[in-house]
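Listed below are the residues making up each chain.
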Amino acid sequence: MDASARIPRVARVFALVLAAALLLPRPAAGQLYLDSQFGVNVTSGIVYGTGQTGAGSFNLLLDLYQPTGAEVPDPRPGVVLIHGGGFTGGSRTNGNLVNMANGLAERGYLVVSIDYRLLGQSPVPTPPFHLLGIASAATEDAVTAYEWLLSNAVGLGLDTDRMAIGGSSAG
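Given the structure is predicted, the values throughout are model-derived calculations rather than measurements. (Residues numbered from 1 in each chain as written. Predicted model: local features only at pLDDT ≥ 70, side-chain atom pairs only at ≥ 80, totals over all residues. Heavy atoms only, no water.)

Caption draft 1: Inspection of the overall build of the protein at higher detail. Looking only at helices and strands, the protein has 4 helices and 5 strands in total. Tracing the protein from N to C terminus, the helices and strands come up as α-β-β-β-α-β-α-α-β. Of the contacts formed within the protein by residues at least 6 apart in sequence, a portion of 72% connects residues at least 24 apart. Carbon and sulfur atoms form 56% of the exposed surface of the protein, whose accessible area is close to 8100 Å². (Helix = DSSP H or I, 4+ residues; strand = E, 2+ residues; numbered from the N terminus. Contact = heavy atoms within 4.5 Å. Areas by Shrake-Rupley, 256 points an atom, 1.4 Å probe, with all protein chains shown as cover.)

As structure tokens, then:
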């Protein structure tokens, strides 16, 4: 896909964040998406794409958190979590992010926690992302993770109409 065609997807991802509260169902207390009621299967280190750095090609990794159990909804809403760290540090295995991902998966959400290229790796973003300054590589990598989820939605049991993205600080 041409990188310039990906800009509308960036806007779509961030619009979904704002609309998430309206899109996700509001079940009664003690039901789906509110209370922990599922087991969690974590698959670590999945390559969701590649990015260029000053040292060459770089594998972009994510951890996948899937709810398990007989009553897991299919399809289910999804969440992309992005770590903080001022674009200079941090990772998908940050303790707070891991707790959040597990908590969401226990409630029925499919969650991915992603790594992105950091400033010290001398990221080389592709157009049009190079116009976004220090956040350019992270933005491009987040869009790549979103596209990975879309391309794997059927196999993951993901409802592509109910997705959100979030993080902390730079995430």
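Next comes the rest of the write-up.
Caption draft 2: Quick look at the packing of aromatic side chains. Summed over all chains, the structure comprises 2 aromatic pairs. Measuring from ring centre to ring centre gives 5.1 Å for Tyr33 and Tyr109, while their planes differ by 55 degrees; the resulting arrangement is tilted. In this pair, Tyr33 is assigned in the loop between helix 1 (7-23) and strand 1 (39-53) and Tyr109 in the loop between helix 2 (95-106) and strand 4 (110-114), connecting sequence segments 76 residues apart. The same class applies to Tyr33 and to Tyr109, which are both buried. (Phe/Tyr/Trp six-rings, centres within 6.5 Å; stacked < 30°, edge-to-face > 60°. Buried < 20%, exposed > 50% of the residue type's maximum accessible area, 1.4 Å probe, protein only.)

Caption draft 3: Summary view of the pairing of strand 1. Sheet topology note: the strand 1/strand 2 (residues 56-68) ladder contains 12 bridges and is antiparallel. Of the residues in strand 2, the one forming a bridge with Thr53 is Gly56. (Pairing = 2+ DSSP bridges.)

Caption draft 4: Examining helix 3 (residues 136-151) more closely. The terminal C-alpha atoms of helix 3, which comprises 16 residues, lie 23 Å apart, in line with the 22 Å expected from a rise of 1.5 Å per residue. Most of helix 3 is tucked away: 14 of the 16 residues are buried. (Expected span 1.5 Å × (residues − 1).)

Caption draft 5: Representation of the environment of Leu97. Mapped onto the elements of the fold, Leu97 is located in helix 2. Residues Leu97 and His83, 14 residues apart in the sequence, show an inter-C-alpha distance of 6.9 Å.

Caption draft 6: Representation of the sheet that holds strand 5 (residues 158-167) within the structure. With mixed pairing, 5 strands are arranged side by side in an open sheet as 1-2-4-3-5. Looking at which strands have only one partner, the edges of the open sheet turn out to be strand 1 and strand 5. On average, adjacent strands in this sheet sit at an angle of 20 degrees to one another, irrespective of strand direction. Of the pairings in the sheet, the one linking strand 3 (residues 76-82) to strand 4 comprises 5 bridges and is parallel in character. Pairing of Ile82 across the sheet is with Ile114, part of strand 4. (Axes fitted to C-alpha atoms, helices over the stretch in contact; angles between N-to-C directions.)

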